[in-house]
Amino acid sequence: MSASDATVVAAAAVRAPRPVGAWFRLLRSELRLVMGRRRNQAGLLVLAAVPVLLAVAVKVSSSDGDGPRRGSDFLTAATSNGMFVALAALTVEIALFLPLAIAMLSGDAIAGEANTGTLRYLLTVPVSRTRLLSVKYAALVIGSVIGATVVAVTGIVIGGILFGLGPVTLLSGAQVPLADGLWRVALSVAYVAVGLSALAAIGLFVSTLTEQPIAVMVTVTIISTAMWILDGIPQLEWLRPYLLVDYWPAFTDLFREPMFLEQIGRGLLVALAYAVVFLSLAWARFGQKDITS
């Protein structure tokens, strides 16, 4: 954020007649800045490219007469219904690309402002630290929703073009109308976004500890990757229920009849616990942080 951008954000907060209005004006200004950054736009293109590559690879494989012999159930089912490309892409991207996107956004949240010298300026106007921190986190949550939505929508579009769309045969064997299947995809996107939002809370806390956005990005990426590694070690099975990422693939349970909601419920509780703990730490740290730049 440049000094002129900071002026716009500050002015938006000051002009609002009520605290709620000021908060939403500040959020709108923050979202314009986040979505206007070229690297964030490039990141969305990368997220959208993955389902395209998956769909093309499956199409080429099926054209050879072999079909996809390895991969998730969603990837295998993609040849019969293009909607499953979206779910296969979500399964692939929750391990690296989506967490990396959240790490990048988290780095810009507080550390990026401090690095460019605009954080101190923002806090000289009537914008409390708590309000600013809440706006930053709200922007990260919205970014999580946008990222997961881009993956799913791109997957449905390219899947529909290459394989067609129609009644959905669930993983349990039952068949439901396409509208029901799309509704389950929307629920999957929401669930994945909740998990990413919890990771964003970790990123926001880390962002309050440094003035180097690249350090935040690396740290959050390492944390996410380490969780996936620990989750895959059989000897550490006792640790899995406490790992944020352990429950992320549970959205597959939405594609059974009836839906299996036990793991999803646990995943939501774990995500909430992570968000509460790390947002509290971020608030405590940011409230006492000495803003020098």
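Structure report, in brief.

1. Notes on the packing of aromatic side chains
Inference 1: Across all of its chains, the model carries 7 aromatic pairs by this definition.
Inference 2: An angle of 85° between the planes, with centres 5.1 Å apart, marks the rings of Trp-23 and Phe-24 as edge-to-face.
Inference 3: For the ring pair Phe-74 and Phe-84, a centre distance of 5.9 Å and an interplane angle of 20° mean the geometry is stacked. Taken together, the residues Phe-74 in helix α4 (residues 73–77) and Phe-84 in helix α5 (residues 83–93) connect sequence positions 10 residues apart. A single burial state applies to Phe-74 and to Phe-84, both of which are buried.

2. Quick look at the packing of helix α6 (residues 97–116) against helix α9 (residues 178–207)
Inference 1: Close contact between α6 and α9 brings their axes to 8 Å; oriented N to C, the two are set at 40°. Read as a crossing pair, α6 and α9 show a hand that is right-handed. Note on element contacts: α9 touches α6 through Val-192, Leu-196, Leu-199, Ala-200, Gly-203, Leu-204 and Ser-207, opposite Leu-98, Pro-99, Ile-102, Ser-106, Gly-107, Ala-109, Ile-110 and Ala-111.
Inference 2: The residue makeup of the contact of α6 with α9, split by class, is 11 nonpolar, 4 polar and no charged.

3. Examining the pattern of salt bridges
Two side chains carrying opposite charge are able to pair once their charged atoms lie near each other.
Inference 1: Following the criterion strictly, the structure yields 7 salt bridges and no others.
Inference 2: Salt-bridge contacts for Glu-30 lead to Lys-136; the nearest nitrogen and oxygen are separated by 3.1 Å. Remark: Lys-136 occurs in helix α8 (residues 129–163) and Glu-30 occurs in helix α2 (residues 19–36); sequence separation between them is 106 residues.
Inference 3: Residue Glu-30 is classed as buried on the basis of its relative accessible area of 7%.

4. Describing a nonpolar patch on the surface
Inference 1: There is a patch of nonpolar side chains on the surface, built from Val-46, Leu-96, Phe-97 and Leu-100 and spanning about 290 Å² of accessible area.
Inference 2: Along the chain, the position of Val-46 falls in helix α3 (residues 38–63).
Inference 3: By relative accessible area, Val-46 is classed as partly exposed at 41%.

5. Structural notes on the packing of α6 against helix α10 (residues 213–231)
Inference 1: Where α6 meets α10, the axes come as close as 7 Å, and the angle between the chain directions of the two elements is 150°. Of the possible angle classes, the one that applies to α6 and α10 is roughly antiparallel. The two elements α6 and α10 cross, and the hand of that crossing is right-handed. Contact residues: Pro-99, Leu-100, Ala-103, Met-104, Ser-106, Gly-107, Asp-108, Ala-111, Gly-112 and Asn-115 in α6; Pro-213, Val-216, Met-217, Val-220, Thr-221 and Ser-224 in α10.
Inference 2: Here the contact of α6 with α10 is composed, by residue class, of 9 nonpolar, 6 polar and 1 charged.

6. Regarding the nonpolar core
Inference 1: Ranked by size, the top nonpolar core spans 80 residues in total, and within it Leu-244 and Phe-251 carry the most contacts.
Inference 2: With sequence-adjacent residues up to four places away left out, Phe-251 is seen in contact with Phe-74, Leu-87, Leu-90, Thr-91, Ile-94, Ser-188, Tyr-191, Val-192 and Ile-264.

Definitions and cut-offs
Residues numbered from 1 in each chain as written. Predicted model: local features only at pLDDT ≥ 70, side-chain atom pairs only at ≥ 80, totals over all residues. Heavy atoms only, no water. Phe/Tyr/Trp six-rings, centres within 6.5 Å; stacked < 30°, edge-to-face > 60°. Helix = DSSP H or I, 4+ residues; strand = E, 2+ residues; numbered from the N terminus. Buried < 20%, exposed > 50% of the residue type's maximum accessible area, 1.4 Å probe, protein only. Axes fitted to C-alpha atoms, helices over the stretch in contact; angles between N-to-C directions. Left-handed = near helix turned anticlockwise from the far one by under 90°. Contact = heavy atoms within 4.5 Å. Nonpolar A, V, L, I, M, F, W, Y, C, P; charged D, E, K, R; others polar. Salt bridge = Lys/Arg side-chain N within 4 Å of Asp/Glu carboxyl O. Patch = residues over 30% accessible without salt bridge, like charges linked within 9 Å, V, L, I, M, F, W, Y side chains within 5 Å. Areas by Shrake-Rupley, 256 points an atom, 1.4 Å probe, with all protein chains shown as cover. Parallel < 35°, antiparallel > 145°, perpendicular 65-115°, else oblique. Core = buried A, V, L, I, M, F, W, Y, C linked by side-chain atoms within 4.5 Å.

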